[in-house]
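Now for the letters of each chain:
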Amino acid sequence: KGEYVQIKVADTGAGIPEDVIAKVFDPFFTTKPVGKGTGLGLSQVHGFVNQAGGSVEIKSKLGAGTEIVIRLPRGEGHAGVHEAEVLAEGAGTVLLVEDNPDVATSSTVLLEELGYRVKWVTDAESAMREIERDGIDIVFSDIVMPGKLDGLGLARNLRRSHPHMPVVLATGYSDASRKSGSEFLLLRKPYELHELSNALETARSSVA
Ligand SMILES: Nc1ncnc2c1ncn2[C@@H]1O[C@H](COP(=O)(O)OP(=O)(O)OP(=O)(O)O)[C@@H](O)[C@H]1O
Ligand SMILES: [Mg+2]
């Protein structure tokens, strides 16, 4: 079955009750008060690990703590193989649609490194309003977001209302990527700088 790398993380916290533990990997499931938790922490771990061909297991004992074991297939290649790659110079303003502030911050760093200006909004409705206002050259949106419209809905709306707007979607969930099929350019999280660069370039040239 090949070699795996195992990462174990444990705490000595409150532990997780049995009826809760079945749901901890569900997107948006949280027992934290409104505004304190997005419920996306563990579901993103689940998404990343599955897309990498690994597995994640959680064990918990009330009052004693929780242990999470992640298994990932060991790679055979060498890290840093893309170092020599020349990345295309980005131009114009990217509308970044991302509900998680940490992800938005790291995406902004990457986009700016590529030469794009970045305008950030946290949901699809705000994205639509921003696009109506003009000044956006390309849309880069997360798929799974709270709110009535998700990233896929946003992309479908835009195809009708702004057929010349380049759109790139990103997701950490294999379910979400399956649903979007091959309708739109899709990046799987976590992605590397050259993948982001290529996706944006491809989107720009395909509508030009
Ligand atoms: N180490 C832990 N100890 C006890 N309960 C946990 C632990 N990790 C997760 N949980 C439970 O699982 C739920 C879902 O976890 P998840 O990380 O997906 O979201 P969150 O922690 O609520 O929000 P976020 O990660 O966005 O801050 C938590 O609300 C909590 O009830
Ligand atoms: Mg969490």
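Before reading further, recall that the structure is shown in the block above.
What you see is a predicted model, and the numbers here were worked out from it, not measured in a lab.

Engineer: Any chance you could break down the overall build of the chain for me, citing the residues and the numbers?
Structural biologist: Counting its regular elements, the chain contains 7 helices and 8 strands. On the principal axes, the C-alpha backbone points of the chain span a range of 55 × 40 × 30 Å. Across the 208 residues in the chain, those meeting the buried criterion constitute 39%. Put simply, 64% of the contacts in the chain that link residues at least 6 apart link residues at least 24 apart. Accessible surface computed for the chain: about 12,100 Å², of which carbon and sulfur atoms make up 53%. One finds the centroid of the 22 positive side-chain charges in the chain at a distance of 6 Å from the centroid of its 29 negative side-chain charges.

Engineer: Tell me about the environment of lysine 59, residues and numbers included.
Structural biologist: Note on placement: lysine 59 falls in strand β2 (residues 55–61). Judged by its relative accessible area of 46%, lysine 59 is partly exposed. Separated by 22 residues in the primary sequence, lysine 59 and glycine 37 place their C-alpha atoms 21 Å from one another.

Engineer: So what about the environment of alanine 127? Which residues, and what values?
Structural biologist: Tracing the sequence through the fold places alanine 127 in helix α4 (residues 124–132). For alanine 127, a relative accessible area of 0% gives the class buried. Along the sequence, alanine 127 and asparagine 198 sit 71 residues apart, while their C-alpha atoms lie 23 Å from each other. Contacts of alanine 127, omitting those with residues within four sequence positions, involve Leu95, Val97, Val121 and Leu154.

Engineer: Describe unusual backbone geometry, with residues and values.
Structural biologist: The linkage connecting lysine 189 with the following residue, proline 190, adopts the cis geometry, with an omega of -5 degrees. With respect to the secondary-structure elements, proline 190 resides in the loop between β8 (185–188) and α7 (193–207). Notably, phenylalanine 28 is not glycine yet its phi reads approximately 70 degrees, a positive angle. Residue position: phenylalanine 28 is located in the loop between α1 (18–21) and α2 (41–51).

Conventions we followed
- Residues numbered from 1 in each chain as written.
- Chains lettered and ligands numbered in written order.
- Predicted model: local features only at pLDDT ≥ 70, side-chain atom pairs only at ≥ 80, totals over all residues.
- Heavy atoms only, no water.
- Helix = DSSP H or I, 4+ residues; strand = E, 2+ residues; numbered from the N terminus.
- Buried < 20%, exposed > 50% of the residue type's maximum accessible area, 1.4 Å probe, protein only.
- Contact = heavy atoms within 4.5 Å.
- Areas by Shrake-Rupley, 256 points an atom, 1.4 Å probe, with all protein chains shown as cover.
- Lys, Arg positive; Asp, Glu negative; His and termini not counted.
- Charge placed at Lys NZ, Arg CZ, Asp CG, Glu CD.

Honestly, it's all geometry; don't read function into it.
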